[in-house]
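Chain by chain, the residues:
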Amino acid sequence: MTSPAKHPFATAIASSLAVVALSGCATSTIGASAERGEARLAEMLAGRTAGEPQSCISAFADNRLTVIDETAVVYNAGDTIYVARPDNSLDTQDVLVIERTGGQLCKQDFVRTVDRTLGFTTGVVFLGDFVPYR
């Protein structure tokens with residue numbers, strides 16, 4: 001029997017299969033995280049009814065802003081909970097840095113994510129409209 005080192009093509013196939021297998025694990029992890037995020041959001045919104053989407057909301061207390069993994073940014077205004085679903089992925093390991101252009105939180109505000117531990121920028125988030133739930 002010959003060793004894989006003597007057959008570079010066999011080594012390349014084995015490496016490719018390993019990459020495919022690992023990417024499948026990452027996809028299933030993201031899928032599971034998204035399912036947990038959707039379940040958490042549904043729990044937060046239980047008994048509430050969606051209103052008309054808004055491009056901006058009055059959001060004065062940043063400590064009322066919550067990131068739900070792979071799902072949404074939620075602002076709890078007391079009687080009303082606003083939900084903005086981003087165009088891309090979110091992770092609670094990242095900190096949202098929002099550069100507001102005025103006194104409101106708007107979907108066109110520049111939002112970037114920063115690594116919680118090391119402080120470097122990890123991405124940009126594009127928020128959708130804020131849907132109020134009462």
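Residues numbered from 1 in each chain as written. Predicted model: local features only at pLDDT ≥ 70, side-chain atom pairs only at ≥ 80, totals over all residues. Heavy atoms only, no water.

**Here we look at the confidence of the model for the chain**
Just so we agree on the cut-off: Confidence scores labelled pLDDT are given residue by residue by the predictor and lie between 0 and 100. Only runs of H or I of at least four residues qualify as helices and only runs of E of at least two qualify as strands under DSSP, and these elements are numbered from the N terminus. Any two residues whose heavy atoms approach within 4.5 Å are treated as being in contact.
Mean pLDDT over the chain works out to 81, with 78% of the residues at or above the 70 mark. Per-element confidence in the chain is highest for strand β9 (residues 127-133), whose mean pLDDT is 97, and lowest for helix α1 (residues 8-45), whose mean pLDDT is 61. Confidence over residues 7-27 falls short of pLDDT 50; this stretch has 3 contacts with residues more than four positions distant or in other chains.

**Details of the layout of surface pockets**
How we decide: Using a 1 Å grid laid over the protein atoms alone, points where a 1.4 Å probe fits but cannot get out form a cavity; open sets with protein on both sides within 12 Å along at least 5 of 7 lines form a pocket; any residue with an atom within 4 Å of a point counts as lining. Grid points are joined across faces, edges and corners, and a volume is the space filled by probe spheres set on the points.
Here the largest pocket defines a volume of roughly 210 Å³. Surrounding the largest pocket, Asp62, Leu65, Thr66, Val67, Asp91, Thr92, Asp94, Val95, Leu96, Ile98, Arg100 and Arg116 form its lining. At the level of elements, β2 (65-68) and β5 (94-99) are the ones that each hand at least two residues to the lining of the largest pocket. Per element, the largest residue contribution to the lining of the largest pocket is 4 residues, and it comes from β5.

**Some remarks on the state of the cysteines**
Selection rule: Two cysteine sulfurs form a disulfide in these notes if their separation is within 2.5 Å. Here's how the labels work: a residue is buried when its accessible area is under 20% of the maximum for its type, exposed when over 50%, partly exposed in between, all with a 1.4 Å probe on protein chains only.
Counted by the stated rule, this structure contains 1 disulfide. For Cys56, the disulfide goes to Cys106, at an S-S distance of 2.0 Å. In this structure, the disulfide formed by Cys56 and Cys106 twists by about 115° around the S-S bond and is classed as right-handed. In this pair, Cys56 sits in strand β1 (residues 56-57) while Cys106 sits in strand β6 (residues 105-106), placing the two residues 50 residues apart along the sequence. Just as Cys56 is buried, Cys106 falls in that class too.

**Thoughts on the side chain of Thr71**
For clarity, the cut-off: In the analysis that follows, any N or O atom pair within 3.5 Å is treated as a polar contact, provided that within protein one partner can donate a hydrogen and the other can accept it, and provided that, for residues neighboring in sequence, both atoms belong to side chains.
As for its position among the elements, Thr71 is in the loop between β2 and β3 (72-76). Exposure remark for Thr71: the relative accessible area of 4% places this residue in the buried category. At a separation of 2.8 Å, a polar atom in the side chain of Thr71 contacts the main-chain carbonyl oxygen of Asp69. Residues in contact with Thr71, not counting those within four places in the same chain, are Ala34, Gly37, Glu38, Leu41, Arg85 and Pro86.

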